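Listed below are the residues making up each chain.
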Amino acid sequence: MRITSTISIAESEIGITPIRASGPGGQNVNKVSSAVHLRFDIGASSLPERVKRKLSALSDQRVTNDGVIVIKANEHRTLSANTRAAKARLKIMITEAAARPKRRIPTRPSRGAIRRSVEAKKQRSVIKSARRKPTLD
């Protein structure tokens, strides 16, 4: 399964278990396993180390203490559609973990901005000094 242009994972690394869906569904809900549990072991995967670290550090309830991502999909009526939905959610999780944060470029205020700031402070000082009680000189 291709995640990004440089990252891909084998289908064998993804464990998919059909389960019975909960909720209303008539007679079919007790007979057909249409929901899916997707399990992905972060430590045993072929992902780059930095992506593994980022995924393991997620404070997401889908990541277990053992470093396994568990995704339950039951929004569709068929097993194949739920499998596709679970894989899509896994792909989104890995893509977000693989994204590198944009590097911040430090900037300096312009001379005009500094001058305007100083002028505003002086004006505020004049306003506040006008509030004081007059001295008896």
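Residues numbered from 1 in each chain as written. Predicted model: local features only at pLDDT ≥ 70, side-chain atom pairs only at ≥ 80, totals over all residues. Heavy atoms only, no water.

S.K.: Teacher, can you tell me more about the pairing of strand β2 (residues 35-41) here?
M.R.: Along any regular strand the residues' side chains alternate between the sheet's two faces. Inspection of the sheet shows strand β1 (residues 14-19) paired to β2 by 6 bridges, in the antiparallel sense. Paired with I14 across the two strands is F40, which belongs to β2. In terms of strand pairing, β2 meets strand β3 (residues 68-73) through 6 bridges, oriented antiparallel. Among the inter-strand pairings, V36 is bridged to a residue of β3, identified as A73. (Pairing = 2+ DSSP bridges. Helix = DSSP H or I, 4+ residues; strand = E, 2+ residues; numbered from the N terminus.)

S.K.: Explain the nonpolar core here, please?
M.R.: Generally speaking, nonpolar side chains in soluble globular proteins are found buried as a group. Ranked by size, the top nonpolar core spans 21 residues in total, and within it F40, I69, L90 and I94 carry the most contacts. Only β2, α1 (49-56), β3 and α2 (79-98) provide two or more residues apiece to this core. With 6 residues, α2 is the single largest residue contributor to this core. In contact with I94, other than residues within four places in its own chain, are I3, I9, F40, L47, V51 and L55. (Core = buried A, V, L, I, M, F, W, Y, C linked by side-chain atoms within 4.5 Å. Buried < 20%, exposed > 50% of the residue type's maximum accessible area, 1.4 Å probe, protein only. Contact = heavy atoms within 4.5 Å.)

S.K.: Looking at this model, I keep getting lost on the sheet that holds β2. Mind explaining?
M.R.: Two orientations exist for strands paired in a sheet by backbone hydrogen bonds: parallel and antiparallel. On the basis of which strands lie adjacent, the open sheet formed by 3 strands has the order β1-β2-β3 and antiparallel pairing. The open sheet terminates on both sides in strands that have one partner only, identified here as β1 and β3. Here the strands of the sheet are splayed against their neighbours by 20° on average, with no regard to which way each runs. Along the sheet face, α2 touches β1, β2 and β3 and points at about 30° away from the line of β2. (Axes fitted to C-alpha atoms, helices over the stretch in contact; angles between N-to-C directions.)

S.K.: Mind showing me how you'd approach the side chain of T83 here?
M.R.: Mapped onto the secondary structure, T83 falls in helix α2. The buried category is assigned to T83, whose relative accessible area is 16%.

S.K.: What is the right way to read the environment of A88 from this model?
M.R.: Along the chain, A88 turns up in helix α2. A relative accessible area of 37% places A88 in the partly exposed class. In the structure, A88 is positioned 78 residues away from A10 in sequence and 14 Å away in space, judged by C-alpha atoms.

S.K.: What is the right way to read α2 from this model?
M.R.: Count 3.6 residues to each turn of an α-helix, and residues three or four apart come out pointing the same way. Along its 20 residues, α2 runs 29 Å from first to last C-alpha, staying within 8% of the 28 Å computed at 1.5 Å per residue. For α2, the complete set of buried residues consists of A81, N82, T83, A85, A86, L90, M93, I94, A97 and A98. Buried-residue contacts for α2 involve β1, β2, α1 and β3. (Expected span 1.5 Å × (residues − 1).)

S.K.: Please explain the pattern of salt bridges as it appears in this structure.
M.R.: Close approach of charged atoms allows side chains with opposite charge to pair. Counted by the stated rule, this structure contains 4 salt bridges. With a shortest N-O distance of 2.8 Å, E11 and K87 are connected by a salt bridge. Placement of the pair is E11 in the segment before β1 and K87 in helix α2, with a sequence separation of 76 residues. Its salt-bridge partner being E49, residue K52 comes within 3.6 Å of it at the nearest N-O pair. Taken together, the residues K52 and E49, both in helix α1 and 3 residues apart, mark about one turn of the helix. (Salt bridge = Lys/Arg side-chain N within 4 Å of Asp/Glu carboxyl O.)

S.K.: Mind showing me how you'd approach the side chain of S45 here?
M.R.: With respect to the helices and strands, S45 occurs in the loop between β2 and α1. Classification of S45 by relative accessible area gives buried; the value is 7%. When near neighbours in sequence (up to four residues on either side) are disregarded, S45 contacts E13, F40 and K52.

It is worth stressing that arrangement in space is one thing and function is another; only the former is reported here.
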